[in-house]
Amino acid sequence: MGDVVVNIGNLALRFEILDRAFANMVRRRYAAFLDAPEAALRGTFQVEPLPKRYTGDATSPAPDEELSVSCTDGSWSISRGDFRAEWRPAERRGSVRLARGIHGFDSLLRIVHSLELAQEGGFLLHSAGVIRNGRAFLFSGLSGSGKTTMTRLAPANTVLLSDEISYVRPAGDTYIAWGTPFSGELGRPGENVQAPIAGLYLLKHGAANQLQPVPSGQALGLLLRNILFFAQDADLVRALFEAAWRFISAVPAYHLVFRPDPSVWELFP
Amino acid sequence: MSSSYVGRSGAVAARAIDGQTVILQLATSALFTLNRVGSRIWELADGRTTVDQIARRIHEEFEVEAPVAALDALEFVERLAAQGVLLLSDAPLNPDRHSGGEANATNPR
């Protein structure tokens, strides 16, 4: 058995893993995001890696099962083809049975973080994030919009937060972006660092590099399309909507029309 | 239908921002963005105001000819009611009951 604390965005979860080899795999995967101050610890999960993908009993995940996230009496049930979990925030306890392999564990992390972040006005966003000169720039869009391209083109004096999923938390009147281990095509995790968010940039390919301010109402709609929603729970959806509205009220949003070459970074001194 | 009372559904989240109103339907995550006139109709849909009364306010406040305002307001309200974002009722809607107001509402279609 091995204990692993994974700390993303200064929100840490302890995993009591009933298998040493799986625990070592988790440590390797999240090497830059291990350990945390006690104050950051949000709860503890007991993790039971399954010997096979499907064991056939009622508490094991079924291979073809689609993601389901639901809340009953304050307890979240989260299941998919490769894991089945419970998360009880009030008790700060959870449990998960999952197929071997990091994919299910990675998904569980994203889901639990999104549930916890929503309680404090934060969210996970489909966006690449980069820090330059002490400010975080978030580049958002669906697959193929250029998130990974923007990180590949970034100059040497930038720090990668993620090329796929940004971690957004409010801090007073501003918002902070934290690095995450979640990667897209780039295939490497972000750095475990943070910076205040300078702007949200909604990606569009074009012939020339250009920033166009986005009216707030439109920006709110576009932001909502890129926030990771895992549950149809009405209270959660309402909380995410309010979080998105506050974010758009505090952070400028632009369309970034860009040509995929390094000159685009001249717009971000 | 023009004498029906119009209320806002409680099954949505909505915010006004820069003259627009963005509405998110909680059950489906469907998004609606209303322009200035639509936002004003949304404001006026308090459950105690009829479609006719809303149309008159639009006519007065936006300098739209009365028949056009009446037609546009009705069409707008019916469209959002069909989506479950607005509620239509033959009797005034209790603001506190909008979230469960479907029982009182009539479907315009």
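First, a word on scope: everything that follows refers to the structure included in this document. Small disclaimer: the values here were computed from a predicted structure and weren't measured. Along every chain, residues carry numbers that run from 1 in the direction the sequence is written. The lettering of chains begins at A and the numbering of ligands begins at 1, in the order of writing. Under the rules for a predicted model, residues below a pLDDT of 70 receive no local features and side-chain atom pairs below 80 are neither given nor counted, while totals for whole chains, interfaces and linings still include all residues.

## What to know about the interface of chain B and chain A
Next, step 1: With 12 residues of chain B at the contact, the number on the chain A side is 16 residues.
Next, step 2: Of all elements in the fold, only β2 (12-17), β3 (20-25) and β4 (31-34) of chain B reach the threshold of two or more residues within the side of chain B that touches chain A. The contact criterion used is a C-beta to C-beta distance within 7 Å, with each C-beta placed from the backbone. Strands here mean DSSP runs of E at least two residues long; helices mean DSSP runs of H or I at least four residues long; both are numbered from the N terminus.

## Quick look at the nonpolar core
Next, step 1: Within the largest apolar cluster, 109 residues are counted, with the highest numbers of intra-cluster contacts made by A244 of chain A together with V77 of chain B.
Next, step 2: At nine residues, the largest contribution of residues to this core is made by helix α5 (residues 234-250) of chain A.
Next, step 3: How far each domain reaches was decided by an automatic or database domain assignment. Domain assignment of the residues forming this core places at least three in each of domain 1 (2-118) and domain 2 (123-267) of chain A.
Next, step 4: Those residues in contact with A244 of chain A that sit more than four places away from it in its chain are L220, L223, L224 and I227 of chain A. In this usage, the nonpolar core is the set of buried Ala, Val, Leu, Ile, Met, Phe, Trp, Tyr and Cys residues whose C-beta atoms join them within 7 Å. Three classes are used. A residue is buried when 20 or more other C-beta atoms lie within 10 Å of its own, exposed when 12 or fewer do, and partly exposed in between, with C-beta atoms placed from the backbone.

## Examining helix α2 (residues 51-62) of chain B
Residues and elements named next belong to chain B.
Next, step 1: A helix is expected to span 1.5 Å multiplied by its residue count minus one. Taking 1.5 Å of rise per residue, the 12 residues of α2 would be expected to cover 16 Å, and the 16 Å separating its terminal C-alpha atoms lies within 8% of that figure.
Next, step 2: Within α2, burial applies to V51, I54, A55 and I58. The arc that holds every buried residue of α2, seen down its axis, measures 100°, which confines them to one face.
Next, step 3: At the C-terminal side of α2, E63 shows a positive phi close to 55°. Relevant arc is that of directions from the helix axis to the C-beta atoms, nothing else.

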